[in-house]
Amino acid sequence: MPINRKVPIRKCIATGEMLPKKEMIRVVRTKEGEVEVDLTGKKSGRGAYVSKSEAAIQTAKERNVFERQLEVRVPDQIYDDLLAIVRKELKA
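Residues numbered from 1 in each chain as written. Predicted model: local features only at pLDDT ≥ 70, side-chain atom pairs only at ≥ 80, totals over all residues. Heavy atoms only, no water.

Which parts of the structure should I look at to understand the overall build of the protein chain?
Across its full length, the protein chain carries 3 helices and 5 strands. Traced from its N-terminal end to its C-terminal end, the protein chain shows the element sequence β-β-β-β-β-α-α-α. For the protein chain, whose C-alpha radius of gyration is 14 Å, the value lies close to the compact-globule estimate of 12 Å for 92 residues. Structurally, the protein chain occupies a C-alpha span of about 50 × 30 × 25 Å along its principal axes. The contacts in the protein chain between residues at least 6 apart in sequence include a share of 49% that link residues at least 24 apart. Counting only carbon and sulfur atoms, one obtains 49% of the accessible surface of the protein chain, whose full area is about 6400 Å². Taking the average place of the 20 positive charges on the side chains of the protein chain and the average place of its 14 negative ones, the gap between the two points comes to 7 Å. (Helix = DSSP H or I, 4+ residues; strand = E, 2+ residues; numbered from the N terminus. Rg over C-alpha atoms; globule rule 2.2 N^0.38 Å. Contact = heavy atoms within 4.5 Å. Areas by Shrake-Rupley, 256 points an atom, 1.4 Å probe, with all protein chains shown as cover. Lys, Arg positive; Asp, Glu negative; His and termini not counted. Charge placed at Lys NZ, Arg CZ, Asp CG, Glu CD.)

So what exactly am I meant to see when it comes to unusual backbone geometry here?
Peptide bonds are, in most cases, trans, and in most cases residues other than glycine have a negative phi. The phi dihedral of N64 is positive, around 55°, even though this residue is not glycine. Mapped onto the elements of the fold, N64 is located in the loop between α1 (54-63) and α2 (65-70). Its identity is not glycine, yet E71 carries a phi of approximately 55°, on the positive side. When you line up the elements, E71 lands in the loop between α2 and α3 (76-91). You can call E71 exposed: its relative accessible area is 66%. (Buried < 20%, exposed > 50% of the residue type's maximum accessible area, 1.4 Å probe, protein only.)

Would you take a moment to explain α1 for this structure?
Within α1, burial applies to A56, I57 and A60. On an axial view of α1, the arc spanned by its buried residues comes to 100°, and they lie on one face. Every exposed residue of α1 that faces more than 90 degrees away from the buried side is listed here: A55 and E62. In this fold, the buried residues of α1 make contact with β5 (46-51), α2 and α3. Of the residues one or two after α1, N64 is the one with positive phi, at around 55°. (Arc of directions from axis to C-beta.)

What is the right way to look at the environment of G47 in this model?
Topologically, G47 is positioned in strand β5. The spatial distance from the C-alpha of G47 to the C-alpha of T30 is 8.8 Å, given a sequence separation of 17 residues. Ignoring any residue separated from it by four or fewer positions in sequence, one finds G47 in contact with R26, V27, V28 and L70.

By themselves, these are just geometric observations and shouldn't be taken as functional.
As structure tokens, then:
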């Protein structure tokens, strides 16, 4: 008899959708206050998830939701990195 494993679900901060963790990208604020894209989902620090779609990332940038969730200034480079990751996955 197959074992049904529980799929971790996370909420997208831009769209409010509940999606499997593997379909999202985590952005983390480290203890030093730096903001990084966490592709492994295992870095220590305060994390926030966004859907792997350009529209969700644009919405997050326009509404400054990462800054509210992580309580720190998020550089524009983070949004550029997120968009590059999503575009790379679409091509693959």
